[in-house]
Amino acid sequence: MIDKRVATYREAIADIPDGADVMIGGFGSSGIPLELIEALRQHGAKDLAIISNNAGVAEEGIASLLRDGLVRKIVCSFPRSAGSVWFEKRFEEGSVELELVPQGTLSERIRIAGAGIGGFLTPTGYGTRLAEGKETKVIDGKGYVLEMPLKADFALIKAETADIWGNLIYNTAGRNFNPMMAMAAAVTIAEVDQILPLGELDPEKVITPSIFVDRVVSEEKKHVTA
């Protein structure tokens, strides 16, 4: 029987190497896989490219990776959210590269990567520095920028509930970037609040099917009966 449970957060992320491209779910304070991020920090993989909505706050989450000098690049929409002191420090000293992506564009680039689409045209950013180096087109008198899919080696995501196969249900706003990131990465690792036996999830509530999930971890309830 397929069983995607992993015993600990450290074990779940143990094969993330130096230089990996890592998507991290979350929006504001919702749906952030904080335990997986902390495990990644302790793991110590360096030169990471982090793809996320923002760059962390205070000493928590992505900010802790920046603080410890593990990040070479951030791809995000809001690098300077309130309390993002470590991003600002690393960026000002030139140790972190920033790729700034409008939020809707970021979401769609991730979505099309998971859907197998080769690119899309958007008016967002046309005629600005965000379009520099990108192909542009004018259609019916309106300018568009060609944006390409955004993939990753690993995705660290947060869900509320999983079963042992890796089907996922999210809690309200925790859904945010997590489902599309699960589809856009070569390896998806889900931190969940609880893992239930097969058959106990309402299939109508499953947002991320198990085919997109490689590992699930919940130290609270990792010993459920299959």
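What counts, and at which threshold
- All residue numbers here refer to positions counted from 1 along the written sequence of the relevant chain.
- Since the coordinates come from a predicted model, pLDDT governs what is reported: local features require at least 70, and pairs of side-chain atoms require 80 or more to be given and counted, while whole-chain, interface and lining totals use all residues.
- By convention in this description, side-chain values take in all heavy atoms of the structure and omit both hydrogens and water.
- UniProt positions are given in the numbering used here, feature names are shortened, and annotations may be inferred rather than shown by experiment.
- The distinction between a cavity and a pocket rests on a 1 Å grid over the protein atoms alone: a 1.4 Å probe fits inside a cavity but cannot get out, while a pocket stays open yet meets protein on both sides within 12 Å along at least five of seven lines, and a residue with an atom within 4 Å of a point counts as lining.
- Grid points are joined across faces, edges and corners, and a volume is the space filled by probe spheres set on the points.
- Note that Gly is not counted as nonpolar here; it falls among the polar residues with everything else outside the nonpolar set of Ala, Val, Leu, Ile, Met, Phe, Trp, Tyr, Cys and Pro and the charged set of Asp, Glu, Lys and Arg.
- The rule for a salt bridge is simple: a side-chain nitrogen of Lys or Arg has to be within 4 Å of a carboxyl oxygen of Asp or Glu.
- Working definition: helices are DSSP H or I runs of at least four residues, strands are E runs of at least two. Numbering for both runs from the N terminus.
- Accessibility here uses a 1.4 Å probe with only protein chains present; expressed as a share of the type maximum, an area under 20% marks a residue as buried, one over 50% as exposed, and anything in between as partly exposed.
- The nonpolar core is taken to be a set of buried Ala, Val, Leu, Ile, Met, Phe, Trp, Tyr and Cys residues, with the residues joined through side-chain atoms within 4.5 Å.
- What makes two residues a contact is simply this: any of their non-hydrogen atoms within 4.5 Å.

Within an unreviewed UniProt entry, the label attached to the chain reads 3-oxoadipate CoA-transferase, and the organism entered is Marinobacter salinexigens. The UniProt entry for the chain carries this comment under Pathway (unreviewed entry): "Aromatic compound metabolism; beta-ketoadipate pathway; acetyl-CoA and succinyl-CoA from 3-oxoadipate: step 1/2." Its UniProt record, at the heading Catalytic activity (unreviewed entry), says of the chain: "3-oxoadipate + succinyl-CoA = 3-oxoadipyl-CoA + succinate".

Novice: What exactly am I supposed to notice about the layout of surface pockets here?
Specialist: Gaps between atoms show up when a probe of the same size as a water molecule is rolled over them. In this structure, the largest pocket spans a volume of roughly 230 Å³. Around the largest pocket, the lining is made up of 17 residues, and of these Gly-28, Ile-32, Asn-54, Gly-56 and Val-57 lie nearest the centre. Tallied by class, the residues present in the lining of the largest pocket amount to seven nonpolar, nine polar and one charged. As a volume, the second largest pocket reaches approximately 160 Å³. Every residue lining the second largest pocket is counted, 14 residues in all, and those nearest its centre are Ser-30, Gly-31, Ile-32, Lys-158 and Gly-174.

Novice: Teacher, can you tell me more about the pattern of salt bridges here?
Specialist: Oppositely charged side chains are able to pair whenever their charged atoms sit close together. Counted by the stated rule, this structure contains 17 salt bridges. Taking the shortest distance from any N to any O, the salt bridge between Asp-3 and Arg-5 comes out at 2.4 Å. Between Asp-68 and Arg-41 there is a salt bridge, with its nearest N and O atoms 2.9 Å apart. One end of the pair, Asp-68, is in the loop between helix H3 (62–67) and strand E3 (71–76); the other, Arg-41, is in helix H2 (residues 34–43), and 27 residues separate them in sequence. With a relative accessible area of 34%, Asp-68 lands in the partly exposed category.

Novice: Help me understand the nonpolar core in this model?
Specialist: Looking at soluble globular proteins, one finds that nonpolar side chains tend to be buried together. In this structure, Ile-16, Ile-50, Leu-66, Ile-74 and Leu-156 are the most contacted members of the largest nonpolar core, which totals 31 residues. Looking at this core, the element that brings in the most residues is H2, giving four residues. The contacts of Leu-156, once residues within four sequence positions are left out, are Ile-13, Ile-16, Val-22, Met-23, Ile-24, Gly-25, Pro-33, Leu-36, Leu-40, Asn-178 and Ile-189. Formed by 27 residues, the second largest nonpolar core is a distinct cluster that contains Ile-51, Ile-110, Ile-164 and Ala-185.

Novice: Just to check I follow, could you spell out the environment of Pro-197 for this structure?
Specialist: Considering the arrangement of structural elements, one finds Pro-197 in the loop between strand E10 (185–196) and strand E11 (215–217). It is 8.9 Å that separates the C-alpha atoms of Pro-197 and Trp-165, two residues lying 32 residues apart in sequence.

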